[in-house]
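# Working through the structure, step by step
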Amino acid sequence: MKLKLLISFLLFFTIYINAAELNGKVIHISDGDTIHVLTNDKKKYKIRLNGIDAPESSQDYGNKSKENLKRYIYNKDVTVIYNSKDKYNRLLGTVYLNKQDINLQQIKDGYAWVYRKYNNDSNYLIAEKHARSSKKGLWAGINPLEPWVFRKQK
């Protein structure tokens, strides 16, 4: 048990040490899980919200997911914590507005799935379960299709 605890601590510490932070204004919302941030030094970054997967723009609830994200953070100053990039060279980050986890908020509002392939955070899983049972957002629809399944069908 002590070994498991030590390994968990070391893994968390390694992730924390490797994490970077950027601060800037959200200048564009591409969809429910992708934004563009402009920093004070005028650098633009494309951010993929880490650990979630929102409906594609051409998918049911795609536009609603984008609009939900927009109402929270568009044209606002945010903090992004990241430690890697995806295959499209986007930063994989958790977006915070005044210490509020916006990635998690998309789950709570029912406009994204927990991307279980990359995220097993219990807070996210609990939020998704609650959104489903409350029929929030896309969970109000009949048999919502996961974005990763939708993309494979295209």
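Scroll up to find the structure.
Residues numbered from 1 in each chain as written. Predicted model: local features only at pLDDT ≥ 70, side-chain atom pairs only at ≥ 80, totals over all residues. Heavy atoms only, no water.

## A closer look at the environment of Val26
Along the polypeptide, Val26 turns up in strand β1 (residues 20–31). Along the chain, Val26 and Tyr74 lie 48 residues apart, while their C-alpha atoms are 5.3 Å from each other. Beyond its immediate chain neighbours, meaning those up to four positions away, Val26 contacts Ile35, His36, Val37, Ile73, Tyr74, Asn75, Lys76 and Val78. (Helix = DSSP H or I, 4+ residues; strand = E, 2+ residues; numbered from the N terminus. Contact = heavy atoms within 4.5 Å.)

## A look at the nonpolar core
If you look at the biggest cluster of nonpolar residues, it comprises 24 residues, and the most contacted ones within it are Ile35, Val37, Ile47, Ile73, Val78 and Val95. Discounting chain neighbours no more than four positions away, the residues touching Val78 are Leu22, Asn23, Gly24, Val26, Val37, Ile73, Val95, Tyr96 and Leu97. (Core = buried A, V, L, I, M, F, W, Y, C linked by side-chain atoms within 4.5 Å. Buried < 20%, exposed > 50% of the residue type's maximum accessible area, 1.4 Å probe, protein only.)

## Considering the side chain of Asn103
As for its placement among the helices and strands, Asn103 is situated in helix α3 (residues 102–108). In terms of polar contacts, Asn103 uses its side chain to reach the backbone carbonyl oxygen of Gly93, at 3.1 Å. A distance of 3.0 Å separates the side chain of Asn103 from the backbone nitrogen of Val95, its partner in a polar contact. Beyond its immediate stretch of four places on either side in the chain, Asn103 contacts Leu49, Asn50, Ile52, Gly93, Thr94, Val95 and Tyr124. (Polar contact = N/O pair within 3.5 Å; in protein donor to acceptor, adjacent residues only side chain to side chain.)

## Concerning helix α4 (residues 122–134)
Here α4 contains 13 residues, and its C-alpha end-to-end distance of 18 Å stays within 8% of the 18 Å for a straight helix at 1.5 Å per residue. For α4, the full list of buried residues reads Tyr124, Ala127, Glu128 and Ala131. In a view along the axis of α4, the buried residues occupy a sector of 100 degrees, so they form one face of it. Away from its buried face, by an angle of more than 90 degrees, α4 presents the exposed residues Ile126, Lys129 and Ser133. Summarising the contacts, the buried residues of α4 are in contact with β4 (52–53), β6 (91–97), β7 (100–101), α3 and β8 (113–114). Where α4 begins, the side chain of Asp121 points an oxygen toward the backbone nitrogen of Asn123, at a separation of 2.7 Å. (Expected span 1.5 Å × (residues − 1). Arc of directions from axis to C-beta.)

## Brief notes about the pattern of salt bridges
Inspection of every chain in the model, using the stated rule, returns eight salt bridges. When the shortest N-O distance is used, the salt bridge between Arg48 and Asp33 registers 3.5 Å. Of this pair, Arg48 sits in strand β3 (residues 44–49) while Asp33 sits in the loop between β1 and β2 (34–39), and the two are 15 residues apart along the sequence. Side by side, Arg48 and Asp33 carry an identical accessibility label, which is buried. One salt-bridge network, held together by shared partners, links Asp33, Arg48, Asp53, Glu56 and Arg151. (Salt bridge = Lys/Arg side-chain N within 4 Å of Asp/Glu carboxyl O.)

None of the figures reported here should be taken as evidence of function without further support.
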